Amino acid sequence: MTPDEMREATQVDSAASNAPADIAPLLARIRDQQRLLQQQNDELRRAEGLRQEFSANVSHEMKTPLQVISGYAEMMANGMVDPDDVPRFAGKIYAESQRLRALINDVLTLSRLDEPAAAVEHEPVDLAALAERIIERLAPVAQEAGVSVSLAGAGATVEGSAPLLEQAVSNLIENAIRYNHPGGSVEVEVGCEAAIASEASPSAEPRCASVQVRDTGLGIARADREKIFERFYRTDKSRSKETGGTGLGLAIVKHAALYHGGDVSVDSELGRGSTFTLRIPMR
């Protein structure tokens, strides 16, 4: 609230307390409307601040791969590269272009999720089958990292966006592999959680599908547990640069969970690994 807004609110409150009884209700309504407008203005300012911060972060994240691509391409174009080094330089350019493409895809995904009227086709999605496909696709990544990945649990089918759920689960499993250590493991478990019984619903039947991803990796400090779901937040920038990634993976997981009316949580300690749990209501 700005100083001018605070002064106006104080004046209205003072007028309402000293006003005759017949106009006091009118002044009270004006005061309530004024407070509502102030709240909306605060939300707009906060949203604008988040938008500016997001734009600045995207620009910063895009500059690094673009500089690498531009630098290597310029050297090759000017004949400054030994022919034997051309494959290595071309590999660098390809790797950075893939990093840039992943960043753009993640930004577009978040932009679509930010649209309140976004229409996404829903269909039945078997989360166990989904997780199995993702584990098979990430097998080369796990093998290269020296990490074993296993799948347990029963099938759990939800109504939702198959591409969005696949991206969310894939981000969780890939992070568990990349931020692990050689000889480590990742356990993926799919199941159902029972709803809490109440007078209105005495039978507590399974109402929520869950995907748990447990790893033996680096772990996350308590102070970072909520921040990791923010866009571009990284607990260890040097480690993130080494393993790759866009810094948007967990933000997409959180948005995908909220889009489906669910949630995502993390239980972790430094040096003892992490457990991420994605919950999606079963309708």
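As the structure is a prediction and not an experimental result, all values here were calculated from the model. (Residues numbered from 1 in each chain as written. Predicted model: local features only at pLDDT ≥ 70, side-chain atom pairs only at ≥ 80, totals over all residues. Heavy atoms only, no water.)

## Quick word on the overall build of the protein chain
Moving on, step 1. The number of helices and strands found in the protein chain is eight helices and seven strands.
Moving on, step 2. Here the protein chain, with 283 residues, has 34% of them falling under the buried criterion.
Moving on, step 3. Of the accessible surface of the protein chain, which amounts to about 17000 Å², a share of 53% is contributed by carbon and sulfur atoms. (Helix = DSSP H or I, 4+ residues; strand = E, 2+ residues; numbered from the N terminus. Buried < 20%, exposed > 50% of the residue type's maximum accessible area, 1.4 Å probe, protein only. Areas by Shrake-Rupley, 256 points an atom, 1.4 Å probe, with all protein chains shown as cover.)

## Considerations on the packing of aromatic side chains
Moving on, step 1. Under the defined criterion, the tally for this structure stands at one aromatic pair.
Moving on, step 2. A ring pair is formed by tyrosine 72 and phenylalanine 89, whose centres lie 4.7 Å apart and whose planes are at 85°; its orientation type is edge-to-face. Remark: phenylalanine 89 occurs in helix 3 (residues 86–114) and tyrosine 72 occurs in helix 2 (residues 24–77); sequence separation between them is 17 residues. (Phe/Tyr/Trp six-rings, centres within 6.5 Å; stacked < 30°, edge-to-face > 60°.)

## Considerations on the nonpolar core
Moving on, step 1. Counting residues in each nonpolar core, the largest one holds 39 residues, and the members touching the most others are Leu127, Ile173, Val188, Val211, Val213, Phe276 and Leu278.
Moving on, step 2. Elements with a contribution of two residues or more to this core: helix 4 (127–137), helix 6 (162–178), strand 4 (185–194), strand 5 (206–215), helix 8 (249–259), strand 6 (263–268) and strand 7 (274–281).
Moving on, step 3. Take this core: its biggest share by element is nine residues, from helix 6.
Moving on, step 4. Not counting residues up to four positions away in its chain, the partners in contact with valine 213 are Leu172, Ile173, Ala176, Val186, Glu187, Val188, Ser274, Thr275 and Phe276. (Core = buried A, V, L, I, M, F, W, Y, C linked by side-chain atoms within 4.5 Å. Contact = heavy atoms within 4.5 Å.)

## Details of the pattern of salt bridges
Moving on, step 1. Counting across every chain of the model gives six salt bridges.
Moving on, step 2. The shortest N-O distance in the salt bridge between arginine 214 and glutamate 187 comes to 3.4 Å. With arginine 214 in strand 5 and glutamate 187 in strand 4, this residue pair connects regions lying 27 residues apart in the sequence.
Moving on, step 3. Overall, the relative accessible area of 37% leaves glutamate 187 in the partly exposed class. (Salt bridge = Lys/Arg side-chain N within 4 Å of Asp/Glu carboxyl O.)

## Thoughts on the confidence of the model for the protein chain
Moving on, step 1. With 71% of its residues at a pLDDT of at least 70, the protein chain reaches an overall mean of 78.
Moving on, step 2. Segment residues 195–202: pLDDT under 50, and six contacts once partners within four positions in sequence are set aside and those in other chains are kept. (pLDDT = per-residue confidence, 0-100.)

## Things to note about helix 4
Moving on, step 1. Turning to helix 4, its buried residues are Leu127, Ala128, Leu130, Ala131, Ile134 and Ile135. Buried residues in helix 4, looked at end-on, bunch into an arc of 160°, giving them a common side.
Moving on, step 2. N-capping of helix 4 is provided by aspartate 126, with a side-chain oxygen placed 3.0 Å from the backbone N of alanine 128. (Arc of directions from axis to C-beta. Polar contact = N/O pair within 3.5 Å; in protein donor to acceptor, adjacent residues only side chain to side chain.)

## A few points about the pairing of strand 6
Successive side chains on a regular strand alternate, one facing one side of the sheet and the next facing the other.
Moving on, step 1. Here strand 6 shows a clear split, with Val264, Val266 and Ser268 buried on one side and none of Asp263, Ser265 and Asp267 buried on the other.
Moving on, step 2. Across six bridges, the pairing between strand 6 and strand 7 is antiparallel. The residue bridging serine 265 from the neighbouring strand is threonine 277, located in strand 7.
Moving on, step 3. Connecting strand 6 to the next strand, strand 7, in antiparallel fashion are five residues, including glycine 271 with a positive phi near 80°. (Pairing = 2+ DSSP bridges.)

## Description of helix 6
Moving on, step 1. Taking 1.5 Å per residue as the helical rise, helix 6 with its 17 residues ought to reach 24 Å, and the 24 Å between its terminal C-alpha atoms agrees with that figure.
Moving on, step 2. The set of residues buried in helix 6 consists of Ala162, Leu164, Leu165, Ala168, Val169, Ser170, Asn171, Leu172, Ile173, Ala176 and Ile177. (Expected span 1.5 Å × (residues − 1).)

## Examining the packing of helix 4 against helix 6
For any two helices packed against each other, one specifies the crossing angle of their axes together with the interaxial distance.
Moving on, step 1. Interaxial distance between helix 4 and helix 6 falls to 10 Å at its minimum, and their mutual angle equals 50°. Taken as axis vectors, helix 4 and helix 6 run oblique relative to one another. Once helix 4 is placed against helix 6, the crossing between them reads as right-handed. Residues Leu127, Leu130, Arg133, Ile134, Ile135 and Arg137 of helix 4 form the contact with helix 6, whose own contacting residues are Leu165, Glu166, Val169, Ser170 and Ile173.
Moving on, step 2. Of the residues in the contact of helix 4 with helix 6, the class split is seven nonpolar, one polar and three charged. (Axes fitted to C-alpha atoms, helices over the stretch in contact; angles between N-to-C directions. Parallel < 35°, antiparallel > 145°, perpendicular 65-115°, else oblique. Left-handed = near helix turned anticlockwise from the far one by under 90°. Nonpolar A, V, L, I, M, F, W, Y, C, P; charged D, E, K, R; others polar.)

## Description of the side chain of histidine 260
Moving on, step 1. Assignment of secondary structure puts histidine 260 in the loop between helix 8 and strand 6.
Moving on, step 2. From its side chain, histidine 260 meets the backbone oxygen of alanine 256 in a polar contact 2.9 Å long.

## Let's talk about the packing of helix 6 against helix 8
Moving on, step 1. Following both chains from N to C, one finds helix 6 and helix 8 inclined at 140°, their axes separated by 9 Å at the closest point. Between helix 6 and helix 8, the interaxial angle falls into the category oblique. In the packing of helix 6 onto helix 8, the handedness of the crossing is left-handed. Only Gly249, Leu250, Ile252, Val253, Ala256 and Tyr259 of helix 8 make contact with helix 6, whose side of the interface consists of Leu164, Gln167, Ala168, Asn171, Leu172 and Asn175.
Moving on, step 2. For the contact of helix 6 with helix 8, the class distribution of residues is eight nonpolar, four polar and no charged.

## Section: the environment of valine 264
Moving on, step 1. Mapped onto the elements of the fold, valine 264 is located in strand 6.
Moving on, step 2. For the pair formed by valine 264 and leucine 278, sequence separation is 14 residues and the distance between their alpha carbons is 4.5 Å.
Moving on, step 3. Apart from residues lying up to four places away in sequence, valine 264 is in contact with Phe229, Val253, Lys254, Ala257, Thr277 and Leu278.

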